Amino acid sequence: MQFERFLLNDVLIDTKKMSVKVAGLWTPIEHKQLALLRLLIDKAPEPVTRDEIIEQLWPNLVVSDNSVSQLIVQLRKVLGDTSKQPLFIKTVPKIGYQCIATYSHTPSLIDKAKTPNQHIPFNWMFGGIAFGFFLALLAFLDWGSNDQTRKVEYISRITSAPGAEVQLSFSPGGRYLAYSQIGSGRSQFDLAVYDLQTQTTHTVKSTGYSEQLPAWSADGNWLLYYRFGPFSCEVRALPVNNAIELWRLNKEQHLMECDGAHEPEKIIWHSSDSLLVNRTISGEKALVRYDAHIDENAQFTLHESQILRGVQHYDVLGDSLLYSSPSDEVFKAYASLDGTVGELPDLDKISQPYFGLKQGEIVSIGGDLQLHKGAQKAVSIYKPYGKITELAIERTSGYLAHTEGTAEVNLYLFNRNKTEFQAVSSNARVDTLASISSDGMQLAYVSSAPRVDPQIDHVEIWIKHRLKATPSLLTKMPKSDKPKLLLFSSDAEYLAILSESNTLYIVNVFAKTPVAVVKENNSLSNIYWADDGKSIYYRTMESKEFKYWRYDVGSAANYLLTDADNERLPLLKKNISFDGFTMALKQYLFKVLEGRVSLEQLSNSIDLYRPALHTNGVYYVVKQGHQLSLYNFNSFMQKNEFVADIGLHLYNMNVDLGLSSTLDGNQIILNRVENLEMDIVLQKFAKP
C-alpha cells in the first residue's frame, strides 16, 4: 500500500500533513490514530485482534483494553464514523476490529497530465533528426578536443595480499615505491619497498612497532618514516644508499618526537636541506618547515624555520604548495613556500588534489581519478573497482601509483549488562550516523553504497525495532544533501533529520514521509526535541538577531517563541547542531579526567569518534596508536571507566564514526571499521 495520500471511501487522508479531509474540511489526525488505521487497512478484509493492536502500537508496554477502545473511538470520530452504523471500522465481537471501507489512490499530477499518443507530423520528425545530428556533431567535436588530454596507461596491480598496502612514496627517479603494509588480522604496519626495475618487493622494517608514512630524501639516500608504539611516536631516518637487500640491516637514526594522538601526514623532503612535516600545535594542524643538515658522520641536525598553520592535506611541486584548510576545506596554492599566494581556479569541491606532471595540472581523487588542466573541464583518467584513498606521482618518470580497495563500516550494539557486541547492520553497505532512541527500542542509521556507482544517487535511512528481526527502509535522501544528524523524539515516534544543506526534516516512523520544517538555512542551529516528543525546537538568525522557534508535529506549524530556553539547556540535551557543542564536550571531559588523557589526544579522538551523552555520564573513544578503546565517564561517581576495546583504526576512510546511547547508558550503538582491503595499482602517464 502506498501510505502517503489516499482515499478511504470519500475521506481524503494525507499522511504527510497528518490530516484528513471530511466533507470538505481538514482536521488533524494523531500519529497513534494513523498507525491504527494503517494496521487495519493492511490486514483488511481480515479483522485485527486487540492483542495485535497492543503489540504493534504499544510494544513492550503494559496497557489495558480500554486504551484500544479509546483509540478506536477517537479514530472513528476523526473519520466521521459510528459503531452503530459503521462505514469504516466494524467491531467484530470477541475478536477485534475490521476495516470495511474502500481504499483507493488519489490521482497524481503525472496521472492528470497524461494525454493520448498522437501522430508526429513529418516536418517535426525531420527537424528532430536534424537536431539530433547537430548534437552528435557537437559531441564528436568535444570528444576530439579531449583526445589531446593527458592519459594514463595501466601497468599492473603490484600487491594482492590480504590486508592493506597504503601510504605510497616514490623515490626520486621512480625506481622504488615505498609503502606501509598491514596483514589481515594484524595490528601493526611494516615498511616495504617495491623495486620497479626487478619487480620484487622487500620488507625493510618489521619490528613489532608500527612503521608508517615513508618519505624519501631529495637525493634518494634516506628513507624517513614514523614509528608508532603503544605510548610513543617518533620520526626516524634509514640510510638506503646500498643494495636494497641490505636496507633492513642498516642502522636508522632518531630525528624527532611526534604526537601519536593525531593522524600524521607524509613528510616531504623537497630539497637537499629542507623538509616539511605535518604537526599538531595547540590543537591545530600546521605544516612545519625544518632546515636539515647532515654532517660527515651522517648525523642529522634539524632547525625549525617556518610554521604555516591550518594545513591539512598538502602536496608540493618545486616551490609551489597545494593544501587544504581543515576549517573551510578550500584548496589553495602558494606560489612559493614563503607564503606568497597563487590562484588555482575551481578547486573548491575537489577532494584530495595533487600536482600533476607540471604546473597547471592537478590530479584529484573523487569517485575516480580526474585530471584538471587550467580552465578546461576535468577529465576522468581512471575509474576504480573500489575506493581510491591516495596516490603518489613521480614526475620525472611519469609513474603514478594509487591505492584501491574496500572496507566495511558496520554497526554493533554493545550491551553493558552482557558485555558483548552484536552486529545490527549489513556489511554490504556503509552504515553511519546511528541514533538509538532513549528507551533502546528503535534504531535509525544512514546507509550508503560502499563503492562509487553513478546510478546510485541517494543514501538511505533505515530504522529497526528491537523486537523485529530485520530493519525497514524509512526514507531516501540525495547524495548531494546527505544527513549529518539523526535525532529521535523522546517517544521514538518521530525522527528529526538535519541534512548537509541545513534542511531540517521530521519523519513519522509509521507514515515514513519526510516533512521539511526548515529549508536550506545556514543559520539553523540548536535543534532539540521537547520532553513530550510532540514539538521540536530550533534557532535561526533573522536580520542579525537570533530567533527561537517551536515546530508542532500535530499541527505541522512553526511558532515563533519569545523565550530562548535552548540557550540554558544542559549538555545532555544538546547535540552537534549547537554552536560550540564539540568544544564544550572536549573541555568538560578534559576537566573531569584531570589530565589523564592529553588535550590533543582527547581532542583528536573526539574528532574521530562522536561521543554519546547519557544520564550517567558520557561514552567516548580514545585512540592510542591504532587501538580504539571505549570509556565511560561516570558523572555520579566522578569515575572514569574502561568499557571495552572496539577494534583498530588503521587508515582514514573518510567515514563518519560515532557512538549513540540509550538515556540510561545500558545500550550503546557504535561503528567499527573492519576488513580493510587495499592494493596498489601502478600506472604511467602517456605522452600527449
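Details of the structure are given in the entry above.
As a convention, each chain's residues are numbered from 1 in the sequence order in which they are written. In view of the model being predicted, local features appear only for residues whose pLDDT reaches at least 70, and side-chain atom pairs are presented and counted only at 80 or more, with totals across whole chains, interfaces and linings using the full set of residues. Only hydrogens and water are set aside; all other atoms, that is, all heavy atoms of the structure, feed into the side-chain values.

A.B. asks: It is not clear to me how the nonpolar core should be interpreted in this structure. Could you clarify?
C.D. replies: One broad trend across soluble globular proteins is that nonpolar side chains are buried collectively. Residues grouped as a nonpolar core are buried Ala, Val, Leu, Ile, Met, Phe, Trp, Tyr and Cys residues, joined through side-chain atoms within 4.5 Å. Burial classification: accessible surface area is computed with a 1.4 Å probe over protein chains only, and a residue below 20% of its type maximum counts as buried, one above 50% as exposed, and the rest as partly exposed. Core analysis: the biggest nonpolar cluster contains 48 residues, and Ile13, Ile53 and Ile506 have the highest contact counts within it. Comment: elements are numbered from the N terminus, with helices defined as DSSP H or I runs of at least four residues and strands as E runs of at least two. When residues of this core are assigned to their parent elements, the largest contribution, seven residues, is made by helix α1 (residues 31-43). The contact rule is simple, with two residues in contact once any of their heavy atoms fall within 4.5 Å. Discounting residues that sit within four places of it in the chain, Ile53 has contacts with Leu36, Leu39, Val48, Trp58, Val68 and Tyr97. Counting residues in hydrophobic clusters, the runner-up holds 20 residues, among them Tyr226, Met256, Trp269 and Phe300.

A.B. asks: I'm lost on the pattern of salt bridges in this one. Help?
C.D. replies: Pairing is possible between side chains of opposite charge, provided their charged atoms come close. Here, a salt bridge means any Lys or Arg side-chain nitrogen found within 4 Å of an Asp or Glu carboxyl oxygen. Summed over the entire model, instances satisfying the criterion amount to 22 salt bridges. Between Arg227 and Glu252 there is a salt bridge, with its nearest N and O atoms 3.6 Å apart. Here Arg227, found in strand β15 (residues 222-229), pairs with Glu252, found in the loop between β16 (232-239) and β17 (253-257); they are 25 residues apart in sequence, far enough to count as distant. Since its relative accessible area comes to 8%, Arg227 is described here as buried. Lys534 is the partner of Asp491 in a salt bridge, and the nearest nitrogen-oxygen pair spans 3.7 Å. With Asp491 in the loop between β37 (483-488) and β38 (494-499) and Lys534 in the loop between β41 (525-529) and β42 (535-542), this pair connects stretches of sequence that are 43 residues apart. Relative accessible area serves as the criterion here: at 31%, Lys534 is assigned to the partly exposed category.

A.B. asks: What is the right way to read helix α3 (residues 65-79) from this model?
C.D. replies: Every α-helical turn comprises 3.6 residues, leaving residues that sit three or four positions apart pointing alike. In a helix, the anticipated span is given by 1.5 Å times the number of residues less one. Across its 15 residues, α3 extends 21 Å between first and last C-alpha, which sits within 8% of the 21 Å expected from 1.5 Å per residue. Looking one or two residues past α3, Gly80 carries a phi angle of roughly 75°, positive in sign.

A.B. asks: Would you take a moment to explain unusual backbone geometry for this structure?
C.D. replies: With the exception of glycine, the majority of residues adopt a negative phi angle, and the majority of peptide bonds are in the trans configuration. Residue Pro45 is bonded to the preceding Ala44 through a cis peptide linkage, with omega at 5°. By the element assignment, Pro45 lies in the loop between α1 and β5 (48-49). At Leu213, a residue that is not glycine, the phi angle is positive and equals roughly 50°. When you line up the elements, Leu213 lands in strand β14 (residues 210-216). By relative accessible area, Leu213 is classed as buried at 10%. At Ala492, a position not held by glycine, the phi torsion is positive, near 60°.

A.B. asks: Where do I start with the side chain of Glu165 in this structure?
C.D. replies: Among the secondary structure elements, Glu165 is positioned in strand β10 (residues 163-170). For the purpose of charge, His is not counted, nor are the chain termini; Lys and Arg are scored as positive and Asp and Glu as negative. Look at Glu165: it is buried, it has no salt bridge, and the nearest opposite charge is Arg157 at 7.9 Å. Leaving out residues up to four positions away in the same chain, Glu165 has contacts with Thr159, Tyr179, Ser180, Gln181, Thr403, Met678, Asp679 and Ile680.

A.B. asks: Explanation requested: helix α6 (residues 581-592) in the structure shown.
C.D. replies: With twelve residues, α6 extends 17 Å from end C-alpha to end C-alpha; this agrees with the ideal 16 Å at 1.5 Å per step. Considered for burial, the residues of α6 that qualify are Phe581, Leu585, Lys586, Leu589 and Val592. Projected down its long axis, α6 shows its buried positions confined to an angular sector of 145°, all on one face. Facing away from the buried surface of α6 by more than 90 degrees, the exposed residues are Gln587 and Lys591. If you follow the buried residues of α6, they end up packed against α7 (599-608), β46 (612-614), β47 (617-624) and β48 (627-634). Looking at the residues trailing α6, positive phi occurs at Glu594, about 55°. Here the arc refers to the set of directions running from the helix axis out to each C-beta atom.

A.B. asks: I tried to follow the sheet that holds strand β49 (residues 639-648) on my own but got confused; where do I start?
C.D. replies: Strand pairing in a sheet relies on backbone hydrogen bonds, with the paired strands running either antiparallel or parallel. One requirement defines pairing of two strands: DSSP has to find at least two bridges between them. If you walk across this open sheet you meet the four strands as β46-β47-β48-β49, and the pairing is antiparallel. Whereas interior strands pair on both sides, the edge strands pair on one side only; in this sheet they are β46 and β49. Strand after strand, the sheet turns through a mean of 25° between neighbouring axes, direction not considered. When β47 meets β48, the two strands line up antiparallel, connected through eight bridges. The residue of β48 that forms the bridge with Val621 is Leu630. Lines fitted to C-alpha atoms define the axes here, with helix axes fitted over just the stretch in contact, and angles between the N-to-C directions of these axes take values from 0 to 180 degrees.

A.B. asks: So what exactly am I meant to see when it comes to the state of the cysteines here?
C.D. replies: Our working definition of a disulfide is a cysteine sulfur pair at a distance within 2.5 Å. Applying the stated criterion across every chain, the model contains one disulfide. With its sulfur 1.8 Å from that of its partner, Cys233 forms a disulfide with Cys258. Because the torsion about its S-S bond is -95°, the bridge between Cys233 and Cys258 counts as left-handed. Taken together, the residues span a long stretch of sequence, with Cys233 in strand β16 and Cys258 in the loop between β17 and β18 (268-271) at a distance of 25 residues. The same class applies to Cys233 and to Cys258, which are both buried.

A.B. asks: So what exactly am I meant to see when it comes to the pairing of strand β44 (residues 557-561) here?
C.D. replies: Sheet topology places strand β43 (residues 545-552) next to β44; five bridges connect them, and they run antiparallel. Note that in β44 the partner of Arg550 across the bridge is Tyr559. Here β43 folds back onto β44, and the loop between the two strands holds four residues, one of which, Ala556, carries a positive phi near 55°.

A.B. asks: How do you make sense of the sheet that holds strand β27 (residues 361-365) when you look at a structure like this?
C.D. replies: One open sheet accounts for four strands, arranged β26-β27-β28-β29; its pairing is antiparallel. Edge positions in the open sheet fall to β26 (353-355) and β29 (379-382), since each of these has one partner strand only. Each strand of the sheet is rotated relative to its neighbour by a mean of 35°, with strand direction disregarded. Here β26 runs beside β27; their pairing, made up of three bridges, is antiparallel. Its bridge partner lying in β27, Phe355 is registered against Ile362.

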